[in-house]
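Working through the structure, step by step
Chain by chain, the residues run as shown.
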Amino acid sequence: MNKRFIDKSTKRKDDIVKDRLSFFNTYPIFSIIEFNIAGNCNRDCSFCPVSNPEMYKRTNDNLSVELFTKIVKDLAQINYSGKILFSAFSEPLLHKEIEALIKTAKDYLPNSRVEIVSNGDLLTVKKMKKLYESGLDTINISMYDGKEQIALFTNMRIDADIPEDFTVLRRRYYENGNYGITISNRAGLIDSNEFRDENETHITELPLKSKCYYPFYMILIDYNGDVLLCPHDWEKKIIFGNLAQENIFDIWIGNKLKNIRQNLSNYNRNFLPCNKCDVLGTVMGEDSFNAWIEK
């Protein structure tokens, strides 16, 4: 097995995936539902496809509160109590009604966790307080500029009078031979070897001959309601359906995702976008994978 650098925040996410595994009509339910709630980002990181204007088309499109409400109502029908994550291919804080989305999620799914992954550029004491008061459980802040951001965001939280565990600070600046991140090539869109830990094995042969647990423990929703394979499929090569017209549980147990799971459980990544992806795929989600295999 190639040597991989594992992000320190992975254990926290893995614990949530394990703890939030549930079943509906005997089917294992995703522990994480990730939303791409906006069509834009305010940064151009070199290790992110956002920096490629030919691939990433910036738009002002956002996930509407109406569509999000429909989706969380569908989730309530299956007693969803997992993690709702605003992250994916954009900066979530660009969404002008993000507090309304958080409040809606908590109103219909009070036992769920609602989290954000943000670069923190748009955060202020006032904004942080509004997010907390709307019901947000955690904001994961990716710090790209340097260690001085630790004090910046820590003081911001203290000034907002918010509990310490509301913020998770994630190092994304270069230190000790790495950027603190488990890097991926975004299904072939960047050369991830340029950004790996100095002791990490470079990935030179694709497709990988390994399982991948992503579609066993999570699902991703685009701002227009499209159901996508995973957060690494930036080109959106696979669309399983659209939640404006369909029910999320029907898609989750449907034949399209069933075929993907069968291929990935058999070490078969020889299809787009997985044949171009260098994600290890087995860092978390083993319990969900085993639950599906036993199904």
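For the structure itself, look to the data block above.
Figured I'd write up the structure that's included with this text. (Residues numbered from 1 in each chain as written. Predicted model: local features only at pLDDT ≥ 70, side-chain atom pairs only at ≥ 80, totals over all residues. Heavy atoms only, no water.)

1. A look at the packing of aromatic side chains
Geometry of an aromatic ring pair is reported as the spacing of the ring centres plus the angle between the planes. Quick reminder of the rule: Aromatic contacts are taken between Phe, Tyr and Trp rings whose centres are within 6.5 Å, Trp giving its six-membered ring; a plane angle under 30 degrees counts as stacked, one over 60 as edge-to-face, and the others as tilted. Working definition: helices are DSSP H or I runs of at least four residues, strands are E runs of at least two. Numbering for both runs from the N terminus. Burial classes: relative accessible area under 20% of the type maximum marks a residue as buried, over 50% as exposed, and values in between as partly exposed (1.4 Å probe, protein chains only). Put simply, a charge is over a ring when the Lys NZ or the Arg CZ is close to the ring centre, within 6 Å, and near the line of the ring normal, within 35 degrees.
In total, this model carries 20 aromatic pairs according to the counting rule given. Between Phe 47 and Tyr 144, the aromatic rings sit 6.0 Å apart at their centres with planes inclined by 40°, giving tilted as the arrangement. Of the two residues, Phe 47 is situated in the loop between strand 3 (32-35) and helix 2 (65-77) and Tyr 144 in the loop between strand 6 (138-143) and helix 5 (148-159); the sequence distance between them amounts to 97 residues. Aromatic pair Tyr 214 and Tyr 217: ring centres 5.5 Å apart, planes at 35°, arrangement tilted. On the criterion of helical spacing, the pair formed by Tyr 214 and Tyr 217 is a turn pair, its members being 3 residues apart in helix 6 (residues 214-217). Accessibility assignment for this pair places Tyr 214 and Tyr 217 in one class, buried. Aromatic rings pair up to connect Phe 24, Tyr 27, Phe 30, Tyr 80, Phe 249, Trp 252 and Trp 292 into one cluster. The side chain of Arg 261 reaches across the aromatic face of Trp 252, ending 4.3 Å from its centre.

2. Here we look at the side chain of Arg 171
Cut-off, in case you're wondering: By the criterion applied in these results, polar contacts are pairs of N or O atoms within 3.5 Å in which, for protein atoms, one can donate a hydrogen and the other can accept it, and in which residues neighboring in sequence qualify only through two side-chain atoms. By the convention used here, residues are in contact when the closest approach between their heavy atoms is within 4.5 Å.
Checked against the element boundaries, Arg 171 lands in strand 7 (residues 167-171). A distance of 2.6 Å separates polar atoms of two side chains, one belonging to Arg 171 and the other to Asn 178. Sequence-distant contacts of Arg 171, that is, excluding residues within four places in its chain, are made with Met 143, Asn 178, Tyr 179 and Gly 180.

3. Brief notes about the nonpolar core
Here is the rule: We define the nonpolar core as a collection of buried residues of types Ala, Val, Leu, Ile, Met, Phe, Trp, Tyr and Cys that are connected through side-chain atoms lying within 4.5 Å of one another.
One finds Phe 30, Ile 33, Phe 35, Leu 75, Phe 86 and Leu 131 to be the most contacted residues of the largest nonpolar core, which totals 72 residues. Among the elements that make up this core, the one with the highest residue count is helix 2 (6 residues). Aside from chain neighbours lying at most four places away, what touches Phe 35 is Leu 63, Phe 68, Ile 71, Ile 84, Leu 85, Phe 86, Ser 87, Ala 88 and Ile 221.

4. Notes on the pattern of salt bridges
Operational definition: Salt-bridge detection follows one rule: a side-chain nitrogen of Lys or Arg within 4 Å of a carboxyl oxygen of Asp or Glu.
Per the stated rule, a full pass over the model turns up 18 salt bridges. The residue Asp 7 makes a salt bridge to Arg 172 at a minimum N-O spacing of 2.6 Å. Here the residue Asp 7 occupies a position in the segment before helix 1 (10-19), and Arg 172 occupies one in the loop between strand 7 and helix 6, the gap between them amounting to 165 residues. Two residues, Asp 44 and Arg 58, come together in a salt bridge whose shortest N-O distance is 2.4 Å. Taken together, the positions of Asp 44 in the loop between strand 3 and helix 2 and Arg 58 in the loop between strand 3 and helix 2 put the pair 14 residues apart, joining distant regions of the chain. Taking relative accessible area as the criterion, Asp 44 reaches 52% and is therefore assigned exposed.

Interpretation note: all reported values are geometric properties and have no functional meaning in isolation.
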